[in-house]
Amino acid sequence: MKKAFEIFLGILTAFGGFVDIGDLVANAETGARFGMHLAWMVVVGVIGIVIYAEMSGRVATMSQRPVFDIIRERLGARLALVNLGASFFINLLTFAAEIGGLALVVELVTGINYLLWVPMLAIGVWIVLWKVRFSVMEKVFGLSGLALIVTVLALWRLDPGLANTFSSAGRFGPPAGEDWPTYAFFAIALLGAAMTPYEVFFFSSGAVEDNWTRKDLIVNRANVYIGFPLGGILSLAIMGASAALFQPRGVSVDHLSQVTLPVSASVGQVGLVFLLYGMFAAIFSAALETALSAGYTVSQFFGWQWGKFVRPREAARFHVVILFTLCVGVLIALSTLDPIVVTEYSIVLSAAALPLTYLPILIVANDPAYMKDKTNSKALNAVAFAFLLLLLVVSIVTIPLMIWTKAGA
Amino acid sequence: MRLADLIGSVVVDANGIEIGDVGDVWLIQDGPPMGVFGAALRVDRLVIGRFGLASRAGYERPAVRGPVIIARLLRGRTEARPVASWSDIAAIEEGRIRLRTRAGDLERPRSLEQAQTGRRWSAGLELLDRQLVDPDGLMAGKIDDLRLELRDDGPPVVTDILAGPGALARRIGGRLGGWIASVHARLHPGSGDPATISFGAVGRVDDHVTLIVSREELPTFAAEAWARDRIIAKLPGSGEA
């Protein structure tokens, strides 16, 4: 029974990556505009993150080396510093967006302007990062995020049998009224959202925080095989419910309150309460994940003590980086930049840097000096290599495509 | 001298022809005894070829095989690189190493072969950028560089680990590296030298480096102590688990 609760690192990581503020809105927006024409990309993204998160967790379990240690050891000081700069910047932007998004959820409930909630929620995040044990944190927020399953119920109520919604899922290419570049841009945004690097930074460091050893490799598998597909299913449910409600009516989605409409229209008040609770938990998870990732990446690059498995005074610089991220994040959020737009940009920008993170993981997962007998199988290498090529293509076309399509406008 | 002074230098042969850059330095563990680690590391070979991803990915060790295409691509760039012994070197200048040997006469080993006199290490692959961990399992910085002591009677010996921004600056190089170095020098009036950890404090080297000295005794701890005493300790509950 005890082991059954050890899957929450994966669930927390996946919720923070798949149904955070940017993705909640991006999925609903994609559903409203493209129906399920892009659903396949969510599936591709889930497979990609499952493969690489499993590897990163296995590397961390076998060698106690989390992802940014590996990046520095394989890319060297200079290139790893480039990756650190990009990752830290993206983490900071994403954290700012999550805090803003969290405040928007509270505004939906209370009606009080979100800007007032930003500093209070940041203090809440800080208290969790400062005081709450890692294992408690992952269980509380992972479990609470499960309330989002109400979106699956909403999709079922709106389209029993799912026949209409998924009739478009098999077709490759944009629906009428949308062009190929925009379609490709949204596809990249979905892949980037599924494979955001902070998920592997957080997950592999979490494996060290949870003190996984060789006998926990099965726990590592269970975490990725349950957590990320669950995140993917929730993404698809939000997309599908939005497609079922909005696409026939030609409504476009650009605000968080619209994301709640399919649920309140089909499941009612109780459903809405569950949804808001789940959204709050998932976005809070993403805030924890990005703030911790900022601390993990910087500390691991420089070799400082990191982690919540030691007292804060024993990992002083790690906690200073987290505090810095929190303070700057709050300032960005208070600048009234639209949190949803900020995450959409940060996801796409991070897509451009993906190979710098995933290549070192793939190389080290094949190195017996780290892995002993637990190196990658040939089949896994083949799939992982195919994904690496995909990420390479994505990293090259992302920014030109963003400019070409005016970020999907 | 530092390892970073060798890595990246241009190698010129006896006829004045440029052969390439120093891509890696192989060390051999057969020097005078140095603490728990055993025999000291000495410079054994300069490996000529760029110090890029290919050199750091580890495919010159035959045990690392997958993924096949990446392995083939990167191994092809490290296989049979020319290597120069210390005795081949005529002069070391700034950014340039002159050999007394002709390029064609240099050895070209297929991979990182073990020697009979002591264990051979790839400095770039197995030491640089590795995590330092103290006896209590607390993290104590990275190997940002190594200090080499020149000897009259043979190749240089690795005497110290250099850690922290003062050492990292030279590895990063360029304008950013220069900026880091100048900030470090301002914060450390006097020498401006990087934090130094004697190699005699090394206990074991595997995928990380275990030291036999507590991190609080190391010069790399100064910044951590500052952050702890000035910021973190002032917040409530900083000493609780």
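**Student:** Please set out the overall build of chain B residue by residue, giving values where relevant.
**Tutor:** Within chain B, the secondary structure is distributed over seven helices and 14 strands. For chain B, whose C-alpha radius of gyration is 20 Å, the value lies close to the compact-globule estimate of 18 Å for 241 residues. Referenced to the eigenvectors of the C-alpha coordinate spread, the extents of chain B come out at roughly 65 × 40 × 40 Å. Counting the 241 residues in chain B, one finds 44% classified as buried.

**Student:** Can you break down the overall build of chain A residue by residue, with the values?
**Tutor:** For chain A, the helix and strand inventory stands at 17 helices and zero strands. Seen along its three principal axes, the alpha-carbon backbone of chain A occupies a region of about 55 × 45 × 45 Å. Classification of the 409 residues of chain A by burial places 61% in the buried group. For chain A, the proportion of contacts with a sequence separation of at least 24, taken over those separated by at least 6, is 86%.

**Student:** Give a detailed account of the nonpolar core, specifying residues and quantitative values.
**Tutor:** One finds I99 and I361 of chain A together with V25 of chain B to be the most contacted residues of the largest nonpolar core, which totals 213 residues. Element by element, the count of residues in this core is highest for helix α4 (residues 67-110) of chain A, at 19 residues. Excluding residues within four positions of it along the chain, I99 of chain A makes contact with V118, L121, A122, A287, G329, V330 and A333 of chain A.

**Student:** Residues and numbers for the interface of chain B and chain A, please.
**Tutor:** The interface of chain B with chain A comprises 35 residues on the first partner and 37 residues on the second. The set of elements that each furnish at least two residues to the side of chain B that touches chain A consists of α2 (53-56), α3 (68-78), β8 (131-133), β9 (139-142), α5 (165-172) and α7 (222-230) of chain B. The leading source of residues in the side of chain B that touches chain A is α7 of chain B, at four residues. By residue class, the composition of the side of chain B that touches chain A is 18 nonpolar, seven polar and 10 charged.

**Student:** Outline the domain arrangement of chain B, supporting the account with residue identities and numerical values.
**Tutor:** All names here are of chain B. If you check the domain split of chain B, you get domain 1 (1-125) and domain 2 (129-241). If you average the C-alpha positions of domain 1 and of domain 2, the two centres end up 25 Å apart. Every element with two or more residues in the side of domain 1 that touches domain 2 is listed here: α1 (3-6), β2 (18-33) and β3 (39-48). Counting residues per element, the side of domain 1 that touches domain 2 draws most heavily on β3, at five residues. In the side of domain 1 that touches domain 2, the residues fall into 12 nonpolar, two polar and three charged.

**Student:** Could you give an account of the environment of I361 of chain A, with specific residues and numbers?
**Tutor:** All names here are of chain A. By the element assignment, I361 lies in helix α15 (residues 339-364). For the pair formed by I361 and I70, sequence separation is 291 residues and the distance between their alpha carbons is 6.9 Å. Ignoring sequence-local partners within four residues, the contact set of I361 consists of Y52, M55, S56, V59, V67, I70 and V200.

**Student:** Please give an account of the pairing of strand β13 (residues 202-205) of chain B that cites residues and values.
**Tutor:** Each regular strand carries side chains that alternate between the two faces of the sheet. All names here are of chain B. Here β13 pairs with strand β14 (residues 209-211) via three bridges, running antiparallel. Note that in β14 the partner of R204 across the bridge is T210. With antiparallel pairing between neighbouring strands as the criterion, β13 and β14 make up a hairpin whose turn holds three residues.

**Student:** Pulling in residues and values, what's your account of the environment of V213 of chain B?
**Tutor:** All names here are of chain B. The residue V213 is located in the loop between β14 and α7 in this model. Separated by 107 residues in sequence, V213 and L106 have C-alpha atoms that sit 41 Å apart. In this structure, V213 is in contact with D134, A201 and L218, ignoring residues within four places of it in sequence.

**Student:** Tell me about the sheet that holds β9 of chain B, residues and numbers included.
**Tutor:** Residue and element names in this part refer to chain B. In space, the four strands of this open sheet follow the order β9-β8-β14-β13, with mixed pairing throughout. Among the strands making up the open sheet, the edge pair consists of β9 and β13. Neighbouring strand axes in the sheet, compared pairwise and without regard to direction, differ in orientation by 25° on average.

Calculation rules
- Residues numbered from 1 in each chain as written.
- Chains lettered and ligands numbered in written order.
- Predicted model: local features only at pLDDT ≥ 70, side-chain atom pairs only at ≥ 80, totals over all residues.
- Helix = DSSP H or I, 4+ residues; strand = E, 2+ residues; numbered from the N terminus.
- Rg over C-alpha atoms; globule rule 2.2 N^0.38 Å.
- Buried ≥ 20, exposed ≤ 12 C-beta atoms within 10 Å, placed from the backbone.
- Contact = placed C-beta atoms within 7 Å.
- Core = buried A, V, L, I, M, F, W, Y, C linked by C-beta atoms within 7 Å.
- Nonpolar A, V, L, I, M, F, W, Y, C, P; charged D, E, K, R; others polar.
- Domains from an automatic or database assignment.
- Pairing = 2+ DSSP bridges.
- Axes fitted to C-alpha atoms, helices over the stretch in contact; angles between N-to-C directions.

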